[in-house]
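Residues per chain are reported as follows:
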Amino acid sequence: MLCCSIRRRNLCNMYQRLTRNLWLISLVLTVIILSFSTLFSKYPIFSQTCLTKSIGTSDVQTNNRNVSSSKPAIFIGGMPRSGTTLMRAILDSHPLIRCGEETRVIPRILSMRAAWKKSPVEWNRLIAGGMTEAILDSAVRAFVYEILLHHSLSADILCDKDPFVLKYATYVASIFPNSKFLLLIRDARAVIHSVMTRKVTITGFSQTDYRQNLKMWNKGIETMFQQCQQIGRNRCMMVYYEQLVLQPKKSIENILKFLDVPWVDSVLHHEELIGKKISLSKTEHSSDQVIKPINLEALTKWFGHVPNDVRQELDALAPMLKRLGYDTKSNTPWYGTGDSLVLANMERMKENADFWKQKVKAYARQLPNNTNLFQKIS
């Protein structure tokens, strides 16, 4: 009897301990569940993260890549002072296209990526750290796409005008397979005269040395020319500034045909949309020029300004000039005859000289630290 009594008491104690433990476990589980419920409701990003993981990171990356790659895009480039701003203003006047001002950041990210690839040590470090070429290309594509998408007003065709982007045209073409490129070309003598007289600061260029500037122009345009050739005529078109301003209607018709964009008359009168659809940056050197209709004012300004000794060395200093078809022997080369549209524009500007003088003054370049930079001009 005594043994039975002891056994029953032990069983009873075990039951009580088990009951208390189960109650404690239930309490802990309840607290944990309530804590997670509160966390998910307060910070929904956690639930989104879990959902993303369940979908699969690779699927998300693929979707992003497909979206950014499929959108049509235009990249405008060339050596500075070659008409890239005029070209983008003309395209900006088309209802399907929106380029906007220079981003300045797109060439920089492309330059960084090129520097990584060029350095075997840096590239190997990236690969060793799990940063594959596919990951880097996806990141660069996403960066450029976000800039193009949000930098300006939405449009059917994205567009970027950053002159030095054309130095990386083959790479950009590979990550944006549905893109096309416009390479603006202008007589080096006109480019350098503009750089020096308007005091444009470009890395490697001088404000006084013609020889140095001709060498720098030759190096830059040769790289862009080669990049354009590698992409092929179906995706990269060379646009000569001289023909763009002398024969605007014919030139723009050919450009729009190349871009597979329908013709609209507004592309011949971009000046009417300045301050409306087309915005200009007061920090860019060309803004006070493109506010005017397409004209011939800057076409021959360089005539008679190239020193005689430099002229004698022109073919050696800048062999690309002759290769691109320019007359390097004459100090006043003949570019062609202006069409009726540009001649009418020139007459109109002459008749309303005071009006255009005030417009130029309103858009005169200002330094980036000027506090009045972003005042709207009507």
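Anything mentioned here points back to the structure above.
Residues numbered from 1 in each chain as written. Predicted model: local features only at pLDDT ≥ 70, side-chain atom pairs only at ≥ 80, totals over all residues. Heavy atoms only, no water.

Description of the overall build of the protein
When helices and strands are counted, the protein shows 18 helices and five strands. Looking at the protein as a whole, 43% of its 378 residues qualify as buried. The long-range share in the protein, meaning contacts at least 24 apart out of those at least 6 apart in sequence, stands at 76%. Carbon and sulfur atoms make up 58% of the accessible area of the protein, which totals about 21,200 Å². (Helix = DSSP H or I, 4+ residues; strand = E, 2+ residues; numbered from the N terminus. Buried < 20%, exposed > 50% of the residue type's maximum accessible area, 1.4 Å probe, protein only. Contact = heavy atoms within 4.5 Å. Areas by Shrake-Rupley, 256 points an atom, 1.4 Å probe, with all protein chains shown as cover.)

Quick word on the sheet that holds strand β5 (residues 236–240)
With parallel pairing, five strands are arranged side by side in an open sheet as β2-β3-β1-β4-β5. Two strands bound the open sheet, and with one partner strand each, they are β2 (97–98) and β5. Bridge count for strand β4 (residues 179–185) against β5 is five bridges, and the pairing is parallel. Its bridge partner being in β5, I185 is matched across the sheet by Y240. Helix α7 (residues 133–151) contacts β1 (73–78) and β3 (157–161) of the sheet and is inclined by roughly 100 degrees relative to β3. In the packing of helix α10 (residues 210–231) onto the sheet, contacts are made with β1, β4 and β5, and the angle to β4 comes to roughly 145 degrees. (Pairing = 2+ DSSP bridges. Axes fitted to C-alpha atoms, helices over the stretch in contact; angles between N-to-C directions.)

Here we look at the packing of aromatic side chains
Inspection of the entire model under this criterion finds six aromatic pairs. Ring geometry for F75 and F181: centres 5.4 Å apart, planes at 20 degrees, overall stacked. Of the two residues, F75 sits in strand β1 while F181 sits in strand β4, which places them 106 residues apart along the sequence. Taken together, a centroid distance of 4.9 Å and an interplanar angle of 85 degrees make the contact between W302 and F303 edge-to-face. By relative accessible area, which is 1% here, W302 ends up buried. A network of ring pairs unites the aromatic residues F75, F176 and F181 as a single cluster. If you follow R186 out to its NZ or CZ, it ends over the ring of Y241, 4.4 Å from the centre. Of note, K249 hangs over the ring of W263, and the distance from its end group to the ring centre comes to 5.2 Å. (Phe/Tyr/Trp six-rings, centres within 6.5 Å; stacked < 30°, edge-to-face > 60°. Lys NZ or Arg CZ within 6 Å of the ring centre and 35° of its normal.)

Interpretation in functional terms is not warranted from these geometric data alone.
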